[in-house]
Amino acid sequence: MKLRALLSTITLFGCAAAWQASAQTDAQFSQYYEVPSYYNPSAIGNTDFVRIRAGARLQWLGIENAPQTFAGVADMPFKLGSKRLAVGVKVSQGSEGLYSSLDIGAQIAYKLRKWGGMWSVGLQLGFIDQSFKGSEVYLPDDDDYHQSTDDAIPTSDIHGTAFDASAGLWYEHPRFYAGLSCTHLTSPSITMNAESSSGGSETSSDRKYQFQAKRTLYFTAGCNIPIKNTLFEIVPSVLVKSDFGFTTGELTARARYRKMFSFGVGYRWNDAVVAILSAEIKNFFIGYSYDYATSAIRTASSGSHEIFVGYSLKLDLSDKNRHRHKSVRIM
């Protein structure tokens, strides 16, 4: 059992190394169009709603200790005098084997109506917390590739925290949108210190390990195309990302009925084909997607599952209703 866990961990480390090399410091969501503020802090306050989305992604089912990600975003617009602003928050927690991370950010955006749409420039400030359960590392005695005395392998639990910042630009039109952003602007380096141990003078607790969050550039765009004389519309979208060393992207095409029910497919370059279903009724939202891997990992995994739920609360930002209130008993 321990050998199986070791092999799974080694496999995941290899995948994680490729994952990091593939501009994946941030989590990958197939329903990226539902959480645009996760990748772009300027994509907040684009409606007159308090908008909340939360969900989970279970990746590569069938592989022990496979990556799991839980995330939530929320945003709302407000006015300061005649200026239109928006605030938001982003929270993400992920795990891959013995490795886990927490990413929290507060967002603010300034909005300007121009050229038939709304421009937004946004900033996100927060922190990244990384940890590794070195105390659970297991190396068999007959392992020819790893030694328990290897300084590169932590033997006690380690963690570290670093300041993080992101910025972006967004344009929202009634028929289409586009955004450009950069996450981890300062490319923060997280120093991970081992917890103190009651041992000799030189133990793993005296060592330091570093993880660097890669500066990542995102471009996203989408539109809605009504189908004449029907209640359907086509909603294509695209997400392109690059860490300036590796570039990849995905394309999604959905059909939406009465702006309530959606279904569609997506393709992530050299990674997966995606099937999508969602519904939004009376401001409640639920969306599900299934990824079928097109890479060699499909031989070990049955696929990836992702689900998001949400709620939108209508706001009234008009001046005439600024001081009017209604009792919930007579609404």
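Higher on the page you've got the structure.
Here's what I pulled together on the structure shown here.

Glancing now at the pattern of salt bridges. Think of it this way: side chains of opposite charge can pair up when their charged atoms draw near. The full count for this structure, using the stated rule, is 13 salt bridges. In this structure, Asp271 engages Arg268 in a salt bridge whose closest nitrogen and oxygen atoms are separated by 2.9 Å. Taking relative accessible area as the criterion, Asp271 reaches 25% and is therefore assigned partly exposed. Given the relative accessible area of 4%, Arg268 is considered buried. The network of salt bridges with common partners includes Arg57, Glu250, Arg268, Asp271, Asp291 and Glu306.

A grouping of Met76, Val87, Ile108, Leu123, Leu125 and Phe163 is seen on the molecular surface, where their side chains present a nonpolar patch of about 480 Å² in accessible area. By the secondary structure assignment, Leu123 is in strand β5 (residues 117–133).

Bridging between strand β1 (residues 49–61) and strand β2 (residues 68–80) involves 8 bridges; their strand directions are antiparallel. Within the sheet, the bridge partner assigned to Leu58 lies in β2 and is Gln68. Counted between consecutive antiparallel strands, the loop separating β1 from β2 contains 6 residues, among which Gly62 sits at a positive phi close to 105 degrees. For β2 and strand β3 (residues 83–96), the ladder comprises 13 bridges, and the chain directions are antiparallel. Across the sheet, the residue bridging to Phe70 is Gln93, located in β3. Adjacent in sequence and paired antiparallel, β2 and β3 are bridged by 2 residues, among which Gly81 carries a positive phi angle near 70 degrees.

What counts as what
- Residues numbered from 1 in each chain as written.
- Predicted model: local features only at pLDDT ≥ 70, side-chain atom pairs only at ≥ 80, totals over all residues.
- Heavy atoms only, no water.
- Salt bridge = Lys/Arg side-chain N within 4 Å of Asp/Glu carboxyl O.
- Buried < 20%, exposed > 50% of the residue type's maximum accessible area, 1.4 Å probe, protein only.
- Patch = residues over 30% accessible without salt bridge, like charges linked within 9 Å, V, L, I, M, F, W, Y side chains within 5 Å.
- Areas by Shrake-Rupley, 256 points an atom, 1.4 Å probe, with all protein chains shown as cover.
- Helix = DSSP H or I, 4+ residues; strand = E, 2+ residues; numbered from the N terminus.
- Pairing = 2+ DSSP bridges.

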